[in-house]
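# Structural description and commentary
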Amino acid sequence: MSISSPKWGLGRSLLVLSPCLLAGFLVALREHYCAINPRTNLPQISEARILGYAKYLSEDIGYRTVGTHEHALADTWMVQQAEEARRNCERVVNQDKGRKLQCEVWRQEGSGTHRFDMMGEAALQELSKCVLLLSLPLTGRVFILSDLTNIVVRISDGTDAGKEHALLLNSHLDSTLPSPGAADDAISVGIMLDCIRVLVDTPAWSPAHAVIFLFNNAEESLQDASHLFSTQHPIAHTVRAVINLEAAGTTGRELLFQATSEEMVEAYSHVPRPFGTIFANDVFNSGVMLSDTDFRQFEEYLDVPGLDIAIVGNSYLYHMRKNFLVITRANRCFTQNMGENTLALIKYLTAPGSPIPKLANFERKKPHLVFYSLLSHFLMYRFSTAKLIYGALFLSALRLTRSVWSGQPRGILAVVTGLLGSILSANAVALIMQHGLGKGMSWFAGGHFAAIGLYAPATLLGGLASQLLLRTTDEKTVFSSVVILQAAAAVVVQLLNVGSAAMFFIASIPLFSSLLLNNLVFATRAGEVSLWAYVWGQSVQLMFGTLFLIPTLEVFVPLTGRLGNVPADNIVATLVSILGAQAMPLAIPFAHRFGRNSLRQMVIVLSAIALASMAIYARKEVFDEMHQKRLFVLHLENVTTNERHLHIASADGAPGFHELVTDISAQFSSPSVAEADPVPLIMNEYNADWDSLYPFSAFLSPYKIELSKDAHYTSPWTKSFRLVATNDVVDLAAGTRSFTLQVDHPGLIWTVISFDAHVLKWNLDNNPPAEYARHHVKEASFYKIDTWRLDLVVNGTGGILFNFIGMQENAMWPGKKAVKAQGGPAMQVLENLDAWLDEKTGGTVDAMLIGCVAGTVVV
Ligand SMILES: *[C@@H]1O[C@H](CO)[C@@H](O)[C@H](O)[C@H]1NC(C)=O
Ligand SMILES: *[C@@H]1O[C@H](CO)[C@@H](O)[C@H](O)[C@H]1NC(C)=O
């Protein structure tokens with residue numbers, strides 16, 4: 001019997017198909033991981049050096065939270081590194097007098113104010129359209145007053161002309177609150193330093209256009225230092241394009257996720273190991289990622305295009321204490337690749353003929369360029385070309401299916417029903433797991449493959465079972481409908497100018513070609529689909545589909561651990577079912593290949609597999625030591641009431657949080673409340689407890705536990721943390737009051753005030769909201785800068801109630817372990833709680849532990 005005969009039974013067909021499908025999947029996985037570029041005799045990027053810098057910053061110096069002593073140490077270290085680079089530059093020029101090379105170093109100090117809207121207006125709208133079914137309880141708007149530093153190195157050919165148009169590279173030295181920031185962003189700092197070394201040491205290299213390396217010293221406090229550079233640095237106006245190096249994960253290939261001009265995409269096409277798709281670009285710009293980088297400041301204040309590139313793999317450890325582990329565990333060649341890609345970009349963009357000078361006339365508009373990396377190749381073409389190619393493919397697909405045209409509507413119905421069936425049944429599993437069994441997020445610790453393990457059987461089951469609802473349909477008609485629908489989707493989505501249409505186009509290639517080959521070569525009789533058509537079409541599309549599915553899940557699965565109380569199971573089920581169906585489109589015609597009895601058998605077997613996987617996942621723990629729960633804990637001393645509380649919040653919807661808080665309460669709260677059931681608090685504009693994290697506090701579900709009073713304790717903060725009004729002038733005739741609010745906060749950092757007022761004028765910007773409103777103003781400044789001021793003119797002559805809060809510079813566990821005595825009672829409680837949590841949860845919780853001081857005052 002020939003393999004092309006449809007008479008081969010289900011079992012034998014699957015036996016032939018399975019290894020091919022597996023091969024497609026494995027090729028995709030291999031493609032997604034690592035490769036090293038060949039060596040040359042020129043100076044090379046040194047991964048060992050880069051990781052050495054990152055290790056020094058994240059382990060020897062440690063937690064570099066803006067405003068802390070460690071942050072100041074990193075600043076000093078960075079100045080030394082920059083000066084050393086400059087001396088090396090001078091040495092090289094002395095040895096080779098003909099070399100046109102100049103290195104200049106700045107340490108910028110300055111203060112400024114800026115407004116930060118969480119994710120920007122457009123993204124908020126997108127969100128409220130319930131992409132993530134989230135309703136944000138906050139306005140998400142905060143003003144930041146900062147007093148900070150930057151370290152800047154410029155390499156040029158030493159001429160004015162060479163400095164006129166420059167490329168900017170950016171990374172940040174600071175780390176976020178609970179993390180030593182090895183990947184985010186010390187590795188990028190190391191890469192920039194190593195690029196400087198390689199460029200200077202490369203014989204005869206001279207930049208036709210200058211390159212500016214900005215080692216910015218405050219990103220995590222809300223992009224304050226990049227704002228400072230963009231608005232105040234004397235050479236900022238020469239910047240024509242920016243490359244921002246970031247991390248939203250801890251390992252893996254670095255992803256190009258924002259590209260804002262065609263010239264810059266073109267430049268990116270020259271890197272040795274590209275990893276960027278317009279798909280990531282579209283997803284990021286839709287706002288569902290809820291993240292943001294310095295890139296926004298450069299776009300906004302320098303008005304330049306650029307590339308935003310980040311390490312995105314294993315983001316379980318992102319912004320976590322164990323972040324330093326990436327230094328030893330990272331698959332090493334990723335850092336090497338990122339260094340080499342960055343170096344290639346610098347060399348290309350500073351060479352003669354670079355598009356950099358042309359970008360002086362840059363106009364901000366969405367680049368109409370499709371781009372993606374596929375099987376180690378980087379492809380790019382214009383939207384106009386895309387429309388032509390996709391249109392031609394669609395017409396060819398129609399032409400090819402002409403013979404089966406009469407039955408096409410039924411074929412199309414089968415395919416659409418299959419997709420809906422997949423989405424519904426994966427979501428049904430999600431609902432049962434989360435609400436029926438109370439086992440939500442069971443895949444979390446297992447990562448993206450675990451999510452596939454739970455939802456893929458249901459996805460396939462839904463796709464096949466839904467076909468039982470339809471009348472028997474001709475296999476070939478369904479097969480060709482798949483091809484037509486993919487090609488049509490590519491055309492329609494591209495006509496809407498969404499470049500992600502490429503996803504459907506890419507799928508169309510193996511599908512269309514398999515149909516074509518079937519008709520021309522494989523099939524022995526008209527109207528027949530050969531098994532070879534499945535072998536070719538489905539194996540290749542499974543490979544392409546996996547290349548979309550894996551990175552998407554790699555980003556979104558860990559993200560559910562910090563998205564707040566969202567229906568995480570449904571989000572992940574929907575992703576797996578849509579992208580899974582896209583990776584296995586030929587499952588639907590295959591369902592019609594052997595008649596209803598075989599289809600029923602397949603459905604029964606798949607149901608059993610789906611149930612078994614649910615049973616297995618229901619026994620899994622959500623978190624483990626390398627996939628921890630994020631817990632946010634504040635020890636808060638209220639100087640107005642003299643009370644001390646523990647504030648505890650989580651940022652995920654996994655089961656068990658209430659029980660954990662109950663246990664903590666029984667262990668740590670004052671005896672009077674230890675027995676009581678803790679009550680969750682409401683997070684909104686008026687919940688001042690979490691103002692230190694505003695506006696990200698929107699994602700927290702908080703509890704509050706009262707701690708016992710200590711009769712012998714007198715708070716040192718009552719006198720030192722002060723808000724006072726100076727230059728206080730009341731204009732009775734106009735009904736207004738003008739004053740300067742002075743905030744003194746020795747020993748406290750990241751101070752935030754919130755208040756209700758109708759502000760008529762302030763020194764934050766030129767248009768305060770034209771009504772009575774709640775305002776949040778935050779300070780981010782360098783170590784030992786202990787006072788800030790805010791000029792206000794308000795409608796009304798009375799006093800204003802201010803909430804104020806700050807973090808103790810020396811009460812952050814474990815960042816300040818070495819000086820824990822200085823942290824007072826806060827540090828004692830945090831240390832005990834950390835040890836207790838570790839013991840109780842078996843190391844599956846990563847807690848951010850901070851001592852805060854707050855109060856209220858009428859000024
Ligand atoms: C401190 O106590 C005052 C008075 O009860 C209260 O209004 C304020 O919200 C408390 N501050 C914080 C941050 O909890
Ligand atoms: C001040 O508030 C009052 C009452 O809300 C309003 O009528 C008046 O227009 C406001 N004044 C200014 C200058 O906006």
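Keep in mind it's a predicted model, so treat the numbers as computed, not measured. (Residues numbered from 1 in each chain as written. Chains lettered and ligands numbered in written order. Predicted model: local features only at pLDDT ≥ 70, side-chain atom pairs only at ≥ 80, totals over all residues. Heavy atoms only, no water.)

## Focus on the packing of helix 1 (residues 10-32) against helix 18 (residues 531-559)
At a minimum axis separation of 8 Å, helix 1 and helix 18 run at an interaxial angle of 35°. Where helix 1 crosses over helix 18, the two elements pack in a sense that is right-handed. Residues Ser13, Val16, Leu17, Cys20, Leu21, Gly24, Phe25, Val27, Ala28, Leu29, Glu31 and His32 of helix 1 pack against Leu531, Tyr534, Val535, Gln538, Ser539, Leu542, Met543, Thr546, Leu547, Ile550, Pro551 and Glu554 of helix 18. Its residues assigned to classes, the contact of helix 1 with helix 18 comprises 16 nonpolar, 6 polar and 2 charged. (Axes fitted to C-alpha atoms, helices over the stretch in contact; angles between N-to-C directions. Helix = DSSP H or I, 4+ residues; strand = E, 2+ residues; numbered from the N terminus. Left-handed = near helix turned anticlockwise from the far one by under 90°. Contact = heavy atoms within 4.5 Å. Nonpolar A, V, L, I, M, F, W, Y, C, P; charged D, E, K, R; others polar.)

## As for the state of the cysteines
Inspection of the entire model under this criterion finds 1 disulfide. Between the sulfur atoms of Cys89 and its disulfide mate Cys103 the distance is 2.1 Å. With the S-S bond torsion at 65°, the cross-link from Cys89 to Cys103 turns out right-handed. Note that Cys89 is positioned in helix 3 (residues 69-95) and Cys103 in strand 1 (residues 102-117), a separation of 14 residues in sequence. In this structure Cys89 comes out as buried when scored by relative accessible area, which is 2%. (Disulfide = S-S within 2.5 Å. Buried < 20%, exposed > 50% of the residue type's maximum accessible area, 1.4 Å probe, protein only.)

## Points about the UniProt feature "transmembrane region" (unreviewed entry) in the protein
According to UniProt, the feature "transmembrane region" (unreviewed entry) maps to residues 379-400, 412-433, 445-465, 477-496, 502-522, 529-550, 570-590 and 602-618 in the numbering used here. As annotated, residues 477-496 has a helix share of 95% and a strand share of 0%, and its two end C-alpha atoms lie 28 Å apart. Helix and strand shares over residues 602-618 are 100% and 0% respectively, and the end C-alpha atoms of the span are 24 Å apart. (UniProt positions renumbered as here; feature names shortened; annotations may be inferred.)

## Comments concerning the site of ligand 2
Every residue near ligand 2 is listed here: His758, Leu760 and Asn795. In this structure, Asn795 approaches ligand 2 through a side-chain N or O atom, which is 2.3 Å from an oxygen atom. (Near = heavy atom within 4 Å. Polar contact = N/O pair within 3.5 Å; in protein donor to acceptor, adjacent residues only side chain to side chain.)

## Description of the site of ligand 1
Taken together, the neighbourhood of ligand 1 is formed by Asn638, Thr641, Ala688, Asp689, Asn803, Ala854 and Thr856. The separation between an oxygen atom of ligand 1 and a polar side-chain atom of Asn638 is 2.3 Å. Take Asp689: an N or O atom from its side chain is 2.7 Å from an oxygen atom of ligand 1. Surface burial for ligand 1 is 68%, taken as the share of its 360 Å² of free accessible area covered by protein chains. Considering only residue class, the shell around ligand 1 consists of 2 nonpolar, 4 polar and 1 charged. (Areas by Shrake-Rupley, 256 points an atom, 1.4 Å probe, with all protein chains shown as cover.)

## Thoughts on the nonpolar core
Among the nonpolar cores identified, the biggest contains 165 residues, and Ile155, Phe213, Phe215, Ile243, Tyr390 and Trp443 are the most heavily contacted of them. The leading source of residues in this core is helix 18, at 16 residues. When residues are assigned to domains, this core turns out to be shared by domain 1 (10-32 + 383-618) and domain 2 (42-130 + 149-375), each giving three or more. (Core = buried A, V, L, I, M, F, W, Y, C linked by side-chain atoms within 4.5 Å. Domains from an automatic or database assignment.)

## Digging into the environment of Ser514
Tracing the chain through its elements places Ser514 in helix 17 (residues 502-522). Once the C-alpha coordinates of Ser514 and Leu496 are considered, the two residues, 18 residues apart in sequence, prove to be 28 Å apart. Aside from chain neighbours lying at most four places away, what touches Ser514 is Phe479, Ala533, Trp536 and Gly537.

## Some words on the sheet that holds strand 13 (residues 722-731)
Taking strand neighbours across the sheet as the criterion, the 4 strands line up as 13-14-18-16 in an open arrangement whose pairing is antiparallel. The open sheet has two edge strands with one neighbour each: strand 13 and strand 16 (759-762). Neighbouring strand axes in the sheet, compared pairwise and without regard to direction, differ in orientation by 25° on average. The sheet contact formed by strand 16 and strand 18 (residues 787-795) spans 3 bridges and is antiparallel. Residue pairing for strand 18: Val759 is matched across the bridge by Val794. (Pairing = 2+ DSSP bridges.)

## Here we look at the packing of aromatic side chains
Overall, the coordinates contain 20 aromatic pairs when judged by the stated rule. Geometrically, the ring pair formed by Phe371 and Phe378 is tilted, given 6.1 Å between the ring centres and 35° between the ring planes. As far as the burial class goes, Phe371 and Phe378 line up, both buried. Relative to Tyr381, the ring of Tyr372 has its centre 6.1 Å away and its plane inclined at 85°; by these criteria the two rings are edge-to-face. Each member of the pair, Tyr372 together with Tyr381, is buried. Within the aromatic cluster, the residues linked to one another by ring pairs are Tyr372, Tyr381, Tyr390 and Phe505. Residue placement shows Arg107 over the ring face of Phe782; its charged tip is 5.6 Å from the ring centre. (Phe/Tyr/Trp six-rings, centres within 6.5 Å; stacked < 30°, edge-to-face > 60°. Lys NZ or Arg CZ within 6 Å of the ring centre and 35° of its normal.)

## Digging into the pattern of salt bridges
Counted by the stated rule, this structure contains 21 salt bridges. Here Arg321 makes a salt bridge to Asp834, at a shortest N to O gap of 2.8 Å. Placement of Arg321 in the loop between strand 7 (306-313) and helix 11 (326-329) and of Asp834 in helix 24 (residues 824-841) is noted, with a sequence separation of 513 residues between them. For Arg321, a relative accessible area of 16% corresponds to the buried category. Asp834 sits in the buried class, given a relative accessible area of 16%. A salt bridge links Glu809 to Lys816; its shortest N-O distance comes to 2.6 Å. Just as Glu809 is buried, Lys816 falls in that class too. Through salt bridges with shared partners, one network takes in Glu70, Glu809 and Lys816. (Salt bridge = Lys/Arg side-chain N within 4 Å of Asp/Glu carboxyl O.)

## Some thoughts on the domain arrangement of the protein
Each assigned domain of the protein is listed with its residue range as follows: domain 1 (10-32 + 383-618), domain 2 (42-130 + 149-375) and domain 3 (628-859). Computed over C-alpha atoms only, the centres of domain 1 and domain 2 are separated by 38 Å. Between domain 1 and domain 2, the residue contacts involve 31 residues of the former and 23 residues of the latter. Interface area for domain 1 against domain 2, summed over the two sides, is near 2200 Å², with a carbon-plus-sulfur share of 68%. If you sort the residues of domain 1 by the area they bury against domain 2, Glu31, Phe383 and Arg562 come out on top, with a joint share of 23%. At the surface where domain 1 touches domain 2, the tally comes to 4 residue pairs in polar contact (both at pLDDT 80 or more). (Buried area = accessible area lost by both parts, 1.4 Å probe.)

## So, the side chain of Glu299
Among the secondary structure elements, Glu299 is positioned in helix 10 (residues 295-302). One buried charge, Glu299, has no salt-bridge partner; the nearest side chain with opposite charge is Arg364, at 4.9 Å. The contact partners of Glu299, leaving out residues within four places of it in the chain, are Thr260, Val304 and Arg364. (Lys, Arg positive; Asp, Glu negative; His and termini not counted.)

## Describing unusual backbone geometry
Leaving glycine out, the prevailing phi sign among residues is negative, and the prevailing peptide bond configuration is trans. In the segment running from Tyr694 into Pro695, the intervening peptide bond is cis, with an omega of 5°. As for its position among the elements, Pro695 is in the loop between helix 22 (657-668) and strand 12 (701-706). Cis geometry is found at the peptide bond from Trp813 to Pro814, where omega equals 0°. Along the chain, the position of Pro814 falls in the loop between strand 19 (801-813) and helix 24. Its identity is not glycine, yet Asn642 carries a phi of approximately 60°, on the positive side. You can see Asn642 is positioned in the loop between strand 10 (629-638) and strand 11 (643-650).

## Quick look at a nonpolar patch on the surface
Where nonpolar side chains cluster on the molecular surface, the patch consists of Leu516, Leu517, Leu520, Val521 and Trp536 and spans about 460 Å² of accessible area. With 4 residues, the single largest contributor to the nonpolar patch is helix 17. Tracing the sequence through the fold places Val521 in helix 17. For Val521, a relative accessible area of 55% corresponds to the exposed category. (Patch = residues over 30% accessible without salt bridge, like charges linked within 9 Å, V, L, I, M, F, W, Y side chains within 5 Å.)

## A short note on the pairing of strand 9 (residues 377-382)
Across 6 bridges, strand 8 (residues 369-374) lies against strand 9 in antiparallel orientation. Across the sheet, residue Phe371 finds its bridge partner in strand 9, namely Met380. Between strand 8 and strand 9, which pair antiparallel and follow one another directly, the connecting turn spans 2 residues, one of which, Leu375, has a positive phi of 50°.

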